[in-house]
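Report on the structure
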Amino acid sequence: KGKPATSKSVIGGKIVSKVYPQSSKEKMAIEFELFEFCQQRAITLYSEFRFTEERKWRLDYYFVHAGKKIGIESEGIFTEQSRHTNVKGYSGDTDKYREAAKMGISVLRYTAMNYGNLKADLLNVF
């Protein structure tokens, strides 16, 4: 569990080797901050990181540093069709975050209103 992706692995994600244009300015800002933080520390950053085979759950971003497993989620709650705002979708998200916690992954969650806290949060964690 939590191994980097290889051609034979079903667990893992895409290695973020540069910042790609995202669907929102918030998600692009999150990716830029994470990329810069990880690049400065020679940390491998993964996007769409699948952390379990059983449920095929993925974290938007994932990295390991100083023995800590960190997942980052950008919550898209500001659209009318967001699965994050209905009871079934929100409950499914809580299942996912509980499973990540049981696996020792700390998940930092951000919305369009608080993504600006990411850099300070990362510096406080490490």
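Predicted model, so just to flag it, every value in this text is computed and none were measured.

1. As for the confidence of the model for the chain
Summarising the model, the chain shows a mean pLDDT of 84, and 85% of its residues fall at 70 or more. Confidence drops under a pLDDT of 50 for residues 1-9, and excluding neighbours within four residues, the segment shows 16 contacts in the predicted structure.

2. What about the sheet that holds strand β1 (residues 12-15)?
Here five strands make up an open sheet; going across it, the order is β1-β2-β3-β4-β5 and the pairing mixed. Here the strands that pair on one side only, and so sit at the sheet edges, are β1 and β5 (105-110). Geometrically, the sheet is characterised by an average inter-axis angle of 35° between neighbouring strands, direction not taken into account. Those strands touched by helix α1 (residues 25-40) are β2 (46-50), β3 (58-65), β4 (68-74) and β5, and its axis lies near 20° from that of β3.

3. Some words on the pairing of β2
Within β2, four of the five residues are buried, leaving the element largely enclosed by the surrounding structure. Strand direction decides the pairing type here: β1 and β2, joined by three bridges, are antiparallel. When the bridges of β2 are listed, I15 appears paired with Y46. As paired strands, β2 and β3 are joined by four bridges and run antiparallel to one another.

4. Looking at unusual backbone geometry
Even without a glycine there, the phi angle at E48 is positive, about 50°. Residue placement: E48 occurs in strand β2. Accessibility expressed as a relative area gives 28% for E48, which makes it partly exposed.

5. Focus on the pattern of salt bridges
One pass over the structure, following the stated rule, counts seven salt bridges. One salt bridge connects E75 with R109, and the closest N-O pair in it is separated by 2.8 Å. Of the two residues, E75 sits in the loop between β4 and α2 (87-102) while R109 sits in strand β5, which places them 34 residues apart along the sequence. E75 sits in the buried class, given a relative accessible area of 6%. Using a relative accessible area of 38% as the deciding quantity, one classes R109 as partly exposed.

6. As for the environment of L123
The topology assignment puts L123 in helix α3 (residues 118-125). You can call L123 partly exposed: its relative accessible area is 47%. Note: C-alpha distance between L123 and F37 (86 residues apart in sequence) is 9.0 Å. Setting aside residues up to four positions removed in sequence, L123 forms contacts with F37 and R41.

7. Observations regarding the nonpolar core
Core analysis: the biggest nonpolar cluster contains 16 residues, and I30, L34, L45, F63, I72, L118 and L122 have the highest contact counts within it. Secondary-structure elements contributing two or more residues to this core are α1, β3, β4, β5 and α3. When residues of this core are assigned to their parent elements, the largest contribution, five residues, is made by α1. Residues within four places of I72 in sequence aside, it is in contact with I30, L34, L59, D60, Y61, L108, Y110 and L118. Y46, A100, M103 and I105 belong to the second largest nonpolar core, which has nine residues in total.

About the thresholds
Residues numbered from 1 in each chain as written. Predicted model: local features only at pLDDT ≥ 70, side-chain atom pairs only at ≥ 80, totals over all residues. Heavy atoms only, no water. pLDDT = per-residue confidence, 0-100. Contact = heavy atoms within 4.5 Å. Pairing = 2+ DSSP bridges. Helix = DSSP H or I, 4+ residues; strand = E, 2+ residues; numbered from the N terminus. Axes fitted to C-alpha atoms, helices over the stretch in contact; angles between N-to-C directions. Buried < 20%, exposed > 50% of the residue type's maximum accessible area, 1.4 Å probe, protein only. Salt bridge = Lys/Arg side-chain N within 4 Å of Asp/Glu carboxyl O. Core = buried A, V, L, I, M, F, W, Y, C linked by side-chain atoms within 4.5 Å.

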